[in-house]
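# Architecture at a glance
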Amino acid sequence: SYNNIKFSETFGDFGFAMKVKVDTLRDLGCSLSPNNAFYILNGVETLGIRMKKHTSNALKVADFLNQHSLVESVSYAGLKNNENYKLSKKYFPLGPGSVFTIKLKNGYNSCISLVENVNLFSHVANIGDTRSLIIHPASTTHSQLSKTEKIKSGAGPDVIRLSIGLENVEDIIEDLDKSIK
């Protein structure tokens, strides 16, 4: 199964150790350290509760931003005016989660300003944290793409991606409102 490899010839003094390692991984798969397994189990136990809060907060924030005078559009399937609202209700009856994008009316510079001025949000590329996260993909994760490629991938110069966390929703809204203005 390993292309007729001879572990003693290929790995020398480490041949036996490598044979044990690859056979164990093949037969048993990788295993977590007990500490990591404990953390994952703790997180999974409260995931349902946390997702309800994430989704509830996201809907309230998206609804607020959808009415904001400096926001051109909000792409969140939980909003009734979203083209995917009916599909969202069908496939995500508890809500479409906490990640969505917004487009700001004043373009690239207003997006940079928003990211630089928020206080509650962390400026990171990952999503799904318990804390609220924000990123301007055009100037970060998608910066190597051409303008056309950015727009085609949904990361145009006027787009901000938000991942709404578990903080007090009024605090989240206030932070965004002040920073957008």
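Above this text you will find the structure in question.
Read on for an overview of the structure. Predicted model only: the values in this text are computed from it and were never measured.

It is worth spelling out the sheet that holds strand S2 (residues 99-104) at this point. What links the strands of a sheet is backbone hydrogen bonding, and the strands pair in either a parallel or an antiparallel sense. Overall, mixed pairing links the 5 strands, which are arranged S1-S2-S5-S4-S3 in an open sheet. Single-partner strands in this sheet number two, and they are strand S1 (71-75) and strand S3 (122-123). Here S1 runs beside S2; their pairing, made up of 4 bridges, is antiparallel. Bridge pairing in S2 places Ser73 opposite Lys103. Contacts from helix H4 (residues 47-66) reach S1, S2 and strand S5 (159-163) within the one sheet, and its direction differs from that of S2 by about 10°.

An α-helical turn contains 3.6 residues, so any two residues separated by three or four positions project in the same direction. When the terminal C-alpha atoms of H4 are compared, their 28 Å separation across 20 residues agrees well with the 28 Å that a helix rising 1.5 Å per residue should span. Residues His54, Thr55, Asn57, Ala58, Val61, Ala62 and Leu65 constitute the buried set of H4. Where H4 is buried, its residues meet S1, S2, S5 and helix H8 (169-180).

A few words on the pattern of salt bridges. As a working rule, side chains carrying opposite charge can pair if their charged atoms are close by. The full count for this structure, using the stated rule, is 4 salt bridges. The closest approach of N and O atoms between Asp23 and Lys19, which form a salt bridge, is 2.8 Å. On the criterion of helical spacing, the pair formed by Asp23 and Lys19 is a turn pair, its members being 4 residues apart in helix H2 (residues 15-28). When its relative accessible area of 17% is taken as the criterion, Asp23 is described as buried. A salt bridge links Asp177 to Lys181; the shortest N-O distance between them is 3.3 Å. Accessibility expressed as a relative area gives 18% for Asp177, which makes it buried.

It is worth spelling out the nonpolar core at this point. In this structure, Leu65, Phe100, Ile102 and Leu162 are the most contacted members of the largest nonpolar core, which totals 25 residues. Here the element with the most residues in this core is H8; it accounts for 5 residues. In this view, Leu65 contacts Val71, Val74, Phe100, Ile102, Leu162, Leu176 and Ile180; residues no more than four positions away in its chain are not counted.

Among the 5 residues in S5, 5 count as buried, and that is most of the element. Note that S2 and S5 share 5 bridges and pair antiparallel. Bridged to Lys103 within S5 is Val159. In terms of strand pairing, strand S4 (residues 133-135) meets S5 through 3 bridges, oriented antiparallel. Bridge assignment links Ile134 to a residue of S5, and that residue is Leu162.

What counts, and where the lines are drawn
Residues numbered from 1 in each chain as written. Predicted model: local features only at pLDDT ≥ 70, side-chain atom pairs only at ≥ 80, totals over all residues. Heavy atoms only, no water. Pairing = 2+ DSSP bridges. Helix = DSSP H or I, 4+ residues; strand = E, 2+ residues; numbered from the N terminus. Contact = heavy atoms within 4.5 Å. Axes fitted to C-alpha atoms, helices over the stretch in contact; angles between N-to-C directions. Expected span 1.5 Å × (residues − 1). Buried < 20%, exposed > 50% of the residue type's maximum accessible area, 1.4 Å probe, protein only. Salt bridge = Lys/Arg side-chain N within 4 Å of Asp/Glu carboxyl O. Core = buried A, V, L, I, M, F, W, Y, C linked by side-chain atoms within 4.5 Å.

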